[in-house]
Number of protein chains: 2
Amino acid sequence: MPKVTIAQNILAVNDTVAEEIQQLLAGRGIRTINIMSSPGAGKTTLLERTIERLRGQLGIGVIEGDVETTADAERIEAAGAETVQINTRGACHLEAHMIRAALSEIDLARISLLFIENIGNLVCPAAWNLGEDTRVVVVSTTEGDDKPAKYPQMFAVSQVMVVNKLDLLPYVDYNLEKVKRQALAINPHLRIFELSCRTGEGLDRWCEWLVEFADGMIPLRSFSGEEA
Amino acid sequence: MPKVTIAQNILAVNDTVAEEIQQLLAGRGIRTINIMSSPGAGKTTLLERTIERLRGQLGIGVIEGDVETTADAERIEAAGAETVQINTRGACHLEAHMIRAALSEIDLARISLLFIENIGNLVCPAAWNLGEDTRVVVVSTTEGDDKPAKYPQMFAVSQVMVVNKLDLLPYVDYNLEKVKRQALAINPHLRIFELSCRTGEGLDRWCEWLVEFADGMIPLRSFSGEEA
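Residues numbered from 1 in each chain as written. Chains lettered and ligands numbered in written order. Predicted model: local features only at pLDDT ≥ 70, side-chain atom pairs only at ≥ 80, totals over all residues. Heavy atoms only, no water.

Of the regular secondary structure elements, chain A holds eight helices and seven strands. The globule rule puts the C-alpha radius of gyration for 228 residues at 17 Å, and the 17 Å found for chain A is close to it. Its C-alpha atoms give chain A principal-axis dimensions of roughly 50 × 45 × 40 Å. With 228 residues in all, chain A has 58% of them scored as buried. The contacts of chain A with a sequence gap of at least 6 include a subset with a gap of at least 24, amounting to 72%. With the model as given, the accessible surface of chain A reaches about 9200 Å², and the carbon-plus-sulfur share is 49%. Within chain A, one finds 22 positive and 32 negative side-chain charges whose respective centroids are separated by 3 Å. (Helix = DSSP H or I, 4+ residues; strand = E, 2+ residues; numbered from the N terminus. Rg over C-alpha atoms; globule rule 2.2 N^0.38 Å. Buried < 20%, exposed > 50% of the residue type's maximum accessible area, 1.4 Å probe, protein only. Contact = heavy atoms within 4.5 Å. Areas by Shrake-Rupley, 256 points an atom, 1.4 Å probe, with all protein chains shown as cover. Lys, Arg positive; Asp, Glu negative; His and termini not counted. Charge placed at Lys NZ, Arg CZ, Asp CG, Glu CD.)

Moving on, we come to the interface of chain A and chain B. Between chain A and chain B, the residue contacts involve 36 residues of the former and 36 residues of the latter. Here chain A and chain B share an interface that buries about 2700 Å² over both sides, 59% of which is from carbon and sulfur atoms. Broken down residue by residue, the surface that chain A buries against chain B is led by A:P39, A:K150 and A:Y171, which jointly contribute 22%. Taken together, the links from chain A to chain B amount to six salt bridges. One salt bridge connects B:K150 with A:D72, and the closest N-O pair in it is separated by 2.4 Å. Run the count over chain A and chain B and you get 13 residue pairs in polar contact (both at pLDDT 80 or more). Among the secondary structure elements, those contributing two or more residues to the side of chain A that touches chain B are helix 1 (2–27), helix 3 (71–79) and helix 5 (147–150) of chain A. Tallied by class, the residues present in the side of chain A that touches chain B amount to 16 nonpolar, seven polar and 13 charged. (Buried area = accessible area lost by both parts, 1.4 Å probe. Salt bridge = Lys/Arg side-chain N within 4 Å of Asp/Glu carboxyl O. Polar contact = N/O pair within 3.5 Å; in protein donor to acceptor, adjacent residues only side chain to side chain. Nonpolar A, V, L, I, M, F, W, Y, C, P; charged D, E, K, R; others polar.)

This paragraph deals with unusual backbone geometry. Residues and elements named next belong to chain B. Of note in the backbone geometry, R89 takes a positive phi value of approximately 50° without being a glycine. Within the secondary structure, R89 is located in the loop between strand 3 (82–87) and helix 4 (96–103). The residue K165 is not glycine, and still its phi comes out positive at about 70°. Position of K165 relative to the elements: it lies in the loop between strand 6 (160–164) and helix 7 (176–186).

Right, let's talk about the side chain of B:N118 for a bit. Residues and elements named next belong to chain B. Assignment of secondary structure puts N118 in the loop between strand 4 (113–117) and strand 5 (134–140). Among the polar contacts made by the side chain of N118, one reaches the main-chain amide nitrogen of L94 at a distance of 3.1 Å. Once you skip the residues sitting within four places of it in the chain, N118 turns out to touch N34, I35, M36, K43, G65, H93, L94, P125 and L130.

Quick look at the relation of the copies chain A and chain B now. Once chain A is rotated about the relating axis by 180° and shifted along it by 0.0 Å, it coincides with chain B to within an RMSD of 0.0 Å. What the superposition gives is, in effect, a two-fold axis relating one chain to the other. Most of the interface of chain A is mirrored in chain B, where 100% of its interface residues are also at the interface. (Least-squares fit on C-alpha atoms with pLDDT ≥ 70 in both.)

Taken over all residues, the pLDDT of chain A has a mean of 92, while the share at 70 or more is 93%. Below a pLDDT of 50 lies the segment residues 221–228 of chain A, which in the model reaches 14 contacts outside its immediate sequence neighbourhood of four places, other chains included. (pLDDT = per-residue confidence, 0-100.)

In this section: the pairing of strand 2 (residues 60–66) of chain A. All names here are of chain A. Of all seven residues making up strand 2, seven are buried, and the element is well covered by its neighbours. Bridge count for strand 2 against strand 3 (residues 82–87) is six bridges, and the pairing is parallel. By the bridge assignment, E64 is partnered in strand 3 with Q85. Crossover strand 2 to strand 3 through helix 3 is right-handed. (Pairing = 2+ DSSP bridges. Right-handed = clockwise from strand over helix to strand, strands pointing away.)

Quick look at the sheet that holds strand 7 (residues 191–194) of chain A now. The pairing of strands in a sheet comes from backbone hydrogen bonds and takes either a parallel or an antiparallel form. All names here are of chain A. Pairing is parallel in the open sheet, where seven strands are placed in the order 3-2-4-1-5-6-7. Each edge of the open sheet carries a strand with a single partner, namely strand 3 and strand 7. Between one strand axis and the next, the sheet turns by 20° as a mean value, whatever way the strands run. Two strands pair when backbone bridges link them, and strand 5 (residues 134–140) and strand 6 (residues 160–164) are joined in this way by five bridges, in the parallel orientation. Its bridge partner being in strand 6, S140 is matched across the sheet by N164. (Axes fitted to C-alpha atoms, helices over the stretch in contact; angles between N-to-C directions.)

So, in structure tokens, the structure goes:
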């Protein structure tokens, strides 16, 4: 099966680059979050609101992954973060070599927290290490309450789940408890935040956690599936 | 670049199988639609509502693609269509050989319209021919009004765009005209339906078009990017 062998080789090369990235960033005291979701779940808006709230408190950098356009990077830059755009021109996920190239464009001395906003895709990004310290999957109340069961790998490899668009709950058929139950059945260590980027509900708790995370107050072993 | 060469070989093999499928289905007078979207845009609900409305009028078959679970196939079967589930177990798109295998499980004599519900993913499925006569991309008003520009390939290869969740327009920042403008800039031949599976708005027009499509009243060359 040449296809499988080659895919595994590519993943192994990717893991080597990801390890280099993790060492580089750890050496500079930078914590890194790989943020993933379906298209339109609200990753960019979450980053905008987060950067606005943490400005002056944390140096934040963002690597913005999109198939096409620089629209998201422009939004993030306007919110006040160091931003680099990666356009994959058709590719469905980010890979570690893209992150390595993007890092050379960021003034690392100015940041302590780095977000990598992955391509909007609940499948492929789950397979690719980017050298991140933790992975956040964002779901939203408008995309149906069956996503963890239907896309389990994404929830298995993530350490945090954000449920966004709480403000739209009254207008949709979405069983929030079912989603949490499904996600925790796949990954009992998942930390869950419920919020609305539109109303601001829940953002305080999320930002407090980010500050603790950036400060190294959250032991990383709690993200590897072991008990903290 | 061995990676690219192999990917092209796989796509060429896929195209050969897709052509076989198209000939098989054309020979039996079955019209086939490959339906694609982000996770949670409402593909399955659209199919449920469509099958309920067209029951007794058209014989409908559905090949249901999911990474995991048979939940969607159960919903479609309950709505009253011949249904086959494909679980890709991690793969991010359907391929023609999966469709060929699924077709052997469908009583083709009983159907004149076949839907293939692809994996929820706005990137990868766009690259894979499944032997379909036409491709429908579903977007929804809750996933942001920048999707055509950010995922152009999907809109370039589709012939129809359905904008779903019209009922949620009052509660979201979504510029419907902008979405249509973006989509038509990529693909001027795109046929657009605006609807709400929840309220039923727009479903009549969509179903009328499907009946004409299944009856062969819509010339297929209008789907190849040429003028009809």
